[in-house]
Amino acid sequence: MIEAALVYARDHRRQYLAALVELLRIPSVSMEPEHGADMEDAADWLAEYLKRMGMTRVEMLPTQGFPVVYGEWLGAGEDAPTLLAYGHYDVQPVDPVEEWLTPPFEPTIRGDDIFCRGASDDKGQLFAVLAAVEAYLRAAGRLPVNVKIMLEGEEELSSPHMAAFIERHHQQLAADAILICDEAVLDPQTPLVMYGVRGSLYLEIDVRGPAQDLHSGTFGGAVDNPFNVLVRLLASLQDGRSRRVRIPGFYERVRPLDDAERALLAKVPVDDKAARHLAGVGVLAGEDGYTTVERVSVRPTLEIHGMPGGFTGAGNKTVIPARASAKVSMRLVPDQNPQEIRHLFEEHLRTMAPPTVDLTIRTLGASRPVVMDYRAVEIQAISRALEQGFGAPPVYFRGGGSLPIIADFQERFGVPIALIGFGMPDDNIHAPNEKYHLPNFYRGIETVIHYISILSEMQGD
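Residues numbered from 1 in each chain as written. Predicted model: local features only at pLDDT ≥ 70, side-chain atom pairs only at ≥ 80, totals over all residues. Heavy atoms only, no water.

## What about empty space enclosed by the protein?
Unfilled space is identified by rolling a water-sized probe across the atoms.
Phase 1 of the analysis: Inspection of every chain in the model, using the stated rule, returns two cavities of 30 Å³ or more.
Phase 2 of the analysis: The calculated volume of the largest cavity comes to roughly 40 Å³.
Phase 3 of the analysis: In this structure, the second largest cavity is lined by Ala-85, Tyr-86, Gly-87, Leu-126, Val-129, Leu-130, Ile-149 and Leu-151.
Phase 4 of the analysis: Going through the elements one at a time, strand S3 (82-88), helix H4 (119-140) and strand S6 (146-152) are the ones with two or more residues in the lining of the second largest cavity.
Phase 5 of the analysis: Its residues assigned to classes, the lining of the second largest cavity shows seven nonpolar, one polar and no charged. (1 Å grid on protein atoms, 1.4 Å probe; cavity = no way out; pocket = protein on both sides within 12 Å on 5 of 7 lines; lining within 4 Å. Points joined across faces, edges and corners; volume = space filled by probe spheres on them. Helix = DSSP H or I, 4+ residues; strand = E, 2+ residues; numbered from the N terminus. Nonpolar A, V, L, I, M, F, W, Y, C, P; charged D, E, K, R; others polar.)

The structure is reproduced here in structure tokens:
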């Protein structure tokens, strides 16, 4: 069965690429209300494709936001394992559009890369899974395992409705293993197995002072400037030397890094020179006492993303602004709880803030960190599949980003989650000129074919 599926996949690469181009052309930006109809178009397109590829049950399942596209093929029988494959069809906004070399929703191939918003995150990756399942069904007429496919439309919004959705549909989604393709390889010859992701907490701080902007010559020195206060508050959040977060209690629940995991991470072939080149900086920075790989994977962070407010136009305007704000996020690691960290964050700022201003803190997004047992047989199965698909064994790594739904899956189902990906570190996800390396696309299809076969063999052992 597997050899026939591999041959079919190789013979139909051109058709798979053409279908991916169709999907990429749909501007399914979940963050922007004007793209609501495009989100519906993307969901409809995927539902139709699931039907054409041979799923025996396809549904558009409603949420309080955008629908989940669901498909299943359960013809392997009750004794065969069931795999749930997850992906998301929404994409990031394209701003700043002027920095794109080609139109962001007109897929353009240059060399071995296809450029388009959503090419790597996550349409190209989810489509590799669909192509693998389709190749198996077309070539062999059946699958050796049961397969369920769940495609959501709100991942770029931090999946706000997925916990409730999973709880409501847990029987329908139940599986023996979960596959998520939404990550990257280290390079085209070095695949990765992600055995965890960091959580996140995204907050907006708002400092309000006078009722309206004031002339700094008339009131300067007598009225607290909200921007001055905000900058002092932000400066209190992190130590400038050690780069450690200074919020009391922030590190209290951070799970220590043991020798076995430190040795595992040390095998990731990334050196500081490569990291500097990828980041475009001359010197790296980070928390004292940890390697670059550890800093971007198993340690928590705090970042300031923007400080809107005040006067930023050409020339000068000497005003004390009525308000100032900042957007701040923290990447969290096991066993930090986003709600608890949010409480500690606010408690710290309110202790530091003077009585001359009003302080408001809003939560814009939150997700829990996850770590998984990389020794589980299902995770070892994806390792074998990656080695066969890419021709080299994978390295193990904890992802530095966040994928909110993983914690929901882990909490509800408690089954192994194979978290892999076929993107590249320089794919410019969330940035202009996003791309996807097409050789990885084809290797990804074959990797998923191998994984399906290995899962079925394991069940028979």
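## Side note on the sheet that holds strand S13 (residues 323-332)
Phase 1 of the analysis: Pairing is antiparallel in the open sheet, where four strands are placed in the order S11-S13-S9-S14. Only two strands of the sheet have a single neighbouring strand rather than two, namely strand S11 (301-306) and strand S14 (358-367). The sheet shows a mean angle of 25° between the axes of neighbouring strands, taken without regard to direction.
Phase 2 of the analysis: Pairing of S11 with S13, which is carried by five bridges, proceeds in the antiparallel orientation. (Pairing = 2+ DSSP bridges. Axes fitted to C-alpha atoms, helices over the stretch in contact; angles between N-to-C directions.)

## Observations concerning the environment of Ser-402
Phase 1 of the analysis: Within the secondary structure, Ser-402 is located in the loop between strand S16 (395-399) and helix H14 (404-413).
Phase 2 of the analysis: Here the alpha-carbon distance between Ser-402 and Ala-324, two residues 78 residues apart in the chain, equals 28 Å.
Phase 3 of the analysis: From its side chain, Ser-402 meets the backbone oxygen of Arg-198 in a polar contact 2.8 Å long.
Phase 4 of the analysis: In terms of polar contacts, Ser-402 uses its side chain to reach the side chain of Arg-331, at 2.7 Å. (Polar contact = N/O pair within 3.5 Å; in protein donor to acceptor, adjacent residues only side chain to side chain.)

## Side note on the packing of helix H3 (residues 36-53) against H4
Phase 1 of the analysis: Relative to each other, H3 and H4 sit at 20°, their axes nearing to 9 Å. One finds that H3 runs roughly parallel with respect to H4. Mapping the contact onto sequence places Trp-45, Leu-46, Tyr-49, Leu-50, Arg-52 and Met-53 in H3 and Leu-126, Phe-127, Leu-130, Val-133, Glu-134, Leu-137 and Arg-138 in H4.
Phase 2 of the analysis: Broken down by class, the residue content of the contact of H3 with H4 amounts to ten nonpolar, no polar and three charged. (Parallel < 35°, antiparallel > 145°, perpendicular 65-115°, else oblique. Contact = heavy atoms within 4.5 Å.)

## Overview of the sheet that holds strand S18 (residues 435-437)
Phase 1 of the analysis: Ordered in space as S4-S5-S18, the three strands form an open sheet in which the pairing is antiparallel. Looking at strand neighbours, the two that pair on one side only are strand S4 (108-110) and S18, the edges of this open sheet. Averaged over all pairs of adjacent strands, the angle between strand axes in this sheet comes to 25°, irrespective of strand direction.
Phase 2 of the analysis: Bridge count for S4 against strand S5 (residues 113-115) is three bridges, and the pairing is antiparallel. In the sheet register, Arg-110 faces S5, and the bridge partner there is Asp-113.

## Some points on unusual backbone geometry
Phase 1 of the analysis: In this structure, Asp-122 follows Asp-121 across a cis peptide bond, with omega equal to 5°.
Phase 2 of the analysis: Along the polypeptide, Asp-122 turns up in helix H4.
Phase 3 of the analysis: The peptide bond linking Pro-334 to Asp-335 adopts the cis configuration, its omega dihedral lying at 10°.
Phase 4 of the analysis: When you line up the elements, Asp-335 lands in the loop between S13 and helix H12 (338-352).
Phase 5 of the analysis: If you check the backbone angles, Ser-158 has positive phi at about 75° while not being a glycine.
Phase 6 of the analysis: Considering the arrangement of structural elements, one finds Ser-158 in the loop between S6 and helix H5 (162-168).

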